[in-house]
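Reading the structure
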Amino acid sequence: MTATIGIDLGTTHSLAAVLRDGVPELIPNAHGEFLTPSVVGVLASGEVVVGAAARELRVTHPERCASCFKRHMGSDHQVRLADQRHTAHELSSMVLRSLKQDAERHLGAEVHDAVITVPAYFNDHQRQATKLAGEMAGLNVRRIINEPSAAALVYGFHDRDAEKHLCVIDLGGGTFDVTVMEVFEGTLEIRATAGESMLGGEDFTDRLVAAVLNREGLQLEYAELKQPLRVARLRSECEQAKRRLARDESTHVRLPGGDGAFGEKPKRVRIDRATFSRLTTQLMERIAAPIGRALRDGECAPEEIDDVILVGGSTRMTVLRDFVTEYFGKPPIMQLNPDEVVALGAAVQAALLDENAAVEDMMMTDVCPFTLGVEVAKEFGGQMADGFFHPVLHRNSTIPTSREEVFSTVRANQQQVEVRVFQGDARRVADNVELGRLTVANLPPGPAGSEIRIRFTYDVNGILEVEAYAPSGGRKFRTVLTNNVKGLSRDEIDQAVARLQQLKFYPSEDLEAQRLARFCERMLGELHPSQREHLDRTLDMFEEVMARGDRETFNEARTTLLMVLSSLGIEYDESSSE
Ligand code: ADP
Ligand code: MG
């Protein structure tokens with residue numbers, strides 16, 4: 001039996017890891033890289049590509065690519081991809097399928113079992129959708145764990161004797177999480193977690209894009225609609241600029257023309273750290289609130305935190321690092337790679353499930369990040385008013401957990417009660433998120449105020465089960481609320497799986513060539529017209545040879561293409577392709 005693999009399914013990047021010979025190791029993809037961009041594209045041939053090749057394609061053909069779909073996880077929102085529409089879990093399953101393939105090639109055996117990480121602040125729908133995505137990709141998802149908890153597991157793995165309070169700050173592409181925890185003797189106890197599932201590095205890039213467009217008198221939303229190619233290329237420029245600012249004090253952004261081309265002398269806009277910091281002040285304010293909440297819930301003052309661990313690519317931003325240093329009064333820990341730590345932790349969790357000897361002295365307890373409860377009616381001056389929220393499980397309860405509360409009927413001989421389940425902390429249910437409902441029928445006759453008991457059970461995967469019954473008789477009603485992704489029946493899920501099976505995936509052994517071709521296509525759009533022709537012709541030749549599939553001429557054509565690129569002063573490597 002092969003080991004269970006750990007997967008970090010990210011908004012921008014995904015990666016897989018496995019525990020081998022007693023240590024967690026990352027699994028390389030078809031390009032020999034650990035990070036696979038969470039981008040899905042459809043080639044002109046109709047074949048589906050995942051990863052770096054799709055990310056190249058996204059710049060020249062945004063309409064044939066989908067990215068950042070993790071933001072829609074758990075909803076029925078459909079993302080357009082060429083002439084089809086897909087939900088976030090379908091697109092995610094394509095990414096997971098490609099990671100599974102990479103793992104199988106790396107391990108030389110079939111892979112069935114996986115642990116997949118989610119942002120701590122993901123709700124039940126989002127967790128269930130993630131699990132479904134794994135199943136659609138042919139994986140048995142043994143556990144869904146929180147990303148910051150996974151990061152802490154790596155920390156615990158390497159430093160088992162530590163006795164400390166930790167705070168994990170995870171700012172990725174699209175989500176933000178804070179977790180406060182305690183480690184002692186190999187045991188990790190999560191004390192509290194908080195966050196926002198709609199805040200990440202992409203928002204910081206967007207602020208930059210919007211600011212550059214604003215200087216031209218353009219609104220981002222409008223430009224996106226009218227000049228999608230220009231915005232796609234500008235976004236890629238701003239992304240690179242944002243990354244350079246992590247290293248340099250100031251940098252430039254090239255402004256593409258209305259058609260998306262750079263032209264001979266593109267306009268250059270200077271951006272320095274101070275400007276960037278000003279543009280993102282509001283985003284930084286949204287970062288501060290969950291940190292405060294997690295510390296309060298975890299009953300820990302900022303100065304009591306021994307180590308701050310940074311996770312997620314966006315924690316490289318100096319605005320974030322400066323903020324954290326000031327907030328906690330000490331610089332964060334730097335030795336763990338913020339891109340890799342979650343996947344490595346998922347591999348440690350996988351090893352715990354496999355009862356691997358390398359982790360037999362480790363243990364972790366996690367918490368439920370939300371308050372969960374039901375709708376109740378309240379009496380005001382003899383009048384019943386419904387729409388009020390009554391908590392059953394409080395946020396940051398250690399999981400697994402189960403709690404029963406007693407409620408009562410409103411009317412005499414009431415036959416039925418509709419239990420509506422919500423998540424959130426607001427007093428009125430309308431301000432919380434509805435997770436589902438459960439109907440308790442055939443209640444035994446009785447006066448108003450007869451007892452109804454409702455039990456909430458929250459398991460280690462973050463999946464909620466609700467039970468309701470009348471103690472005076474009648475049967476128990478039970479539901480695993482999140483059995484189905486919002487609005488999806490079993491039939492619809494089966495149909496989605498069937499549709500995915502119809503898709504033709506581009507062979508992974510040719511992905512590297514495909515990526516090079518798409519890279520050249522992107523570069524064609526950036527070159528001066530007088531320089532284009534040579535590269536254009538060489539690319540045509542390369543694509544023709546690719547189609548023929550003759551190894552020897554292929555290698556020759558590839559070398560020629562790389563030579564042409566370098567004669568134009570273009571470097572082909574990973575860092576240039578973001
Ligand atoms: P996710 O887990 O959501 O996929 P990642 O942890 O991979 O996210 O982080 C991706 C985000 O990190 C992107 O928004 C990217 O712009 C940002 N990022 C990566 N490297 C840097 C850098 N050097 N400076 C600033 N932001 C960066
Ligand atoms: Mg991440």
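Computed from a prediction, not measured in an experiment: that's the story for all the values here. Think of each chain on its own: its residues are numbered from 1, step by step along the sequence as written. Lettering for chains starts from A, numbering for ligands starts from 1, and both go in the order in which the items are written. pLDDT decides what is reported in this predicted model: residues at 70 or higher carry local features, side-chain atom pairs at 80 or more are listed and counted, and totals for whole chains, interfaces and linings draw on all residues regardless. Calculation of side-chain values draws on the structure's entire complement of heavy atoms; hydrogens and water are dropped beforehand.

1. Comments concerning the overall build of the chain
Keep this limit in mind: A run of H or I in DSSP counts as a helix once it spans at least four residues, and a run of E counts as a strand once it spans at least two, with each numbered from the N terminus. C-alpha atoms define the radius of gyration in this analysis, and the globule rule sets the expected value at 2.2 Å times the number of residues to the power 0.38. Computed with a 1.4 Å probe, the accessible areas rest on the Shrake-Rupley method; for each residue, only the protein chains presented here act as cover. His is not counted here, nor are the chain ends, while Lys and Arg score as positive and Asp and Glu score as negative. For charged residues, the charge sits on one atom: NZ in Lys, CZ in Arg, CG in Asp, CD in Glu.
Within the chain one finds 15 helices and 27 strands. Relative to a compact globule of 578 residues, whose C-alpha radius of gyration would be 25 Å, the chain shows 26 Å and is just as compact. Summarising its shape, the C-alpha atoms of the chain cover approximately 90 × 55 × 50 Å along the three principal directions. On the chain, roughly 24900 Å² of surface is accessible, and the fraction owed to carbon and sulfur atoms is 46%. Between the mean site of the 66 positive side-chain charges and the mean site of the 88 negative ones, the chain shows a separation of 5 Å.

2. Observations concerning helix α3 (residues 124-136)
Under the convention used in this document: The span one expects for a helix is its residue count, reduced by one, times 1.5 Å. Under the scheme applied here, a residue whose accessible area is under 20% of the maximum for its type counts as buried, over 50% as exposed, and between as partly exposed, the area being computed with a 1.4 Å probe on protein chains only.
The terminal C-alpha atoms of α3 lie 18 Å apart, and with 13 residues this matches the ideal 18 Å at 1.5 Å per residue to within 8%. Of the positions making up α3, those classed as buried are Asp124, His125, Gln126, Arg127, Gln128, Ala129, Thr130, Leu132, Ala133, Gly134 and Met136. The first or second residue beyond α3 is Gly138, which carries a positive phi of 85 degrees.

3. Notes on the pairing of strand β3 (residues 23-26)
Operational definition: Between any two strands, at least two bridges found by DSSP are needed for them to pair.
Where burial is concerned, the two faces of β3 differ: the one with Pro24 and Leu26 is buried and the one with Val23 and Glu25 is not. Pairing analysis gives four bridges linking strand β2 (residues 13-20) to β3, with the strands arranged antiparallel. Its bridge partner lying in β3, Leu19 is registered against Pro24. The turn linking β2 back onto β3 is made up of two residues, and Asp21 within it adopts a positive phi angle of 50 degrees.

4. Thoughts on the packing of helix α5 (residues 201-215) against helix α7 (residues 228-245)
Our working definition: Axis definition: a line fitted to C-alpha atoms, over the contacting stretch in the case of helices. Angles run 0 to 180 degrees between N-to-C directions. For any pair of crossing helices, the crossing counts as left-handed if the nearer helix is rotated counterclockwise from the farther one by less than a right angle, and right-handed if it is rotated clockwise. Two residues qualify as a contact provided that any one of their heavy atoms is within 4.5 Å of a heavy atom in the partner residue. By the convention adopted, Pro, Cys, Tyr, Trp, Phe, Met, Ile, Leu, Val and Ala count as nonpolar, Lys, Arg, Asp and Glu as charged, and the other residues, Gly among them, as polar.
Remark: α5 packs on α7, axes separated minimally by 9 Å, with the N-to-C direction vectors making an angle of 115 degrees. Crossing of α5 over α7 shows right-handed handedness. Together, Gly201, Glu202, Phe204, Thr205, Asp206, Leu208, Val209, Val212 and Leu213 of α5 and Val231, Leu234, Arg235, Cys238, Glu239, Ala241 and Lys242 of α7 make up the contact between the two elements. Its residues assigned to classes, the contact of α5 with α7 shows nine nonpolar, two polar and five charged.

5. Things to note about the domain arrangement of the chain
This is how the line gets drawn: Segmentation into domains, and thus their bounds, comes from an automatic or database assignment.
Under the domain assignment, the chain is made up of domain 1 (201-281), domain 2 (372-481) and domain 3 (527-577). Once you take the C-alpha centre of each, domain 1 and domain 3 turn out to be 28 Å apart.

6. Considerations on the packing of aromatic side chains
We count it as follows: Stacked, tilted and edge-to-face are the three classes applied to pairs of Phe, Tyr and Trp rings, where Trp contributes its six-membered ring and a pair requires centres within 6.5 Å; stacked means planes under 30 degrees apart, edge-to-face means over 60, and tilted covers the rest.
All told, the structure shown has seven aromatic pairs when counted by the stated rule. Their ring planes at 50 degrees and their centres at 5.7 Å tell us that Phe380 and Phe388 sit as a pair that is tilted. For Phe380, a relative accessible area of 43% translates into the label partly exposed. The class for Phe388 is buried, based on a relative accessible area of 2%. Look at Phe519 and Tyr572: their rings are 4.8 Å apart centre to centre, the planes differ by 55 degrees, and that puts the pair in the tilted class. Of the two residues, Phe519 sits in helix α13 (residues 511-524) while Tyr572 sits in the segment after α15 (551-567), which places them 53 residues apart along the sequence. Classification of Phe519 as buried rests on a relative accessible area of 0%. Grouping aromatic residues by their ring pairs yields a cluster made of Phe323, Tyr327 and Phe328.

7. Structural notes on helix α2 (residues 88-107)
The terminal C-alpha atoms of α2, which comprises 20 residues, lie 28 Å apart, in line with the 28 Å expected from a rise of 1.5 Å per residue. In terms of residue burial, α2 counts as a mostly covered element, since 15 of its 20 residues are buried. Two residues or fewer past α2, Gly108 is found with a positive phi of approximately 65 degrees.

8. Let's talk about the state of the cysteines
Disulfide: a covalent bond formed between the sulfur atoms of two cysteine residues. Spelled out, the test is: By definition, disulfides here are pairs of cysteine sulfur atoms that lie within 2.5 Å.
Under the definition given, this model contains zero disulfides. A disulfide-free cysteine, Cys238 has its sulfur positioned 15 Å from the sulfur of Cys68, the nearest such atom. You can call Cys238 buried: its relative accessible area is 0%. Sulfur of Cys300: no disulfide; nearest cysteine sulfur belongs to Cys167 and is 8.4 Å away. Since its relative accessible area comes to 8%, Cys300 is described here as buried.

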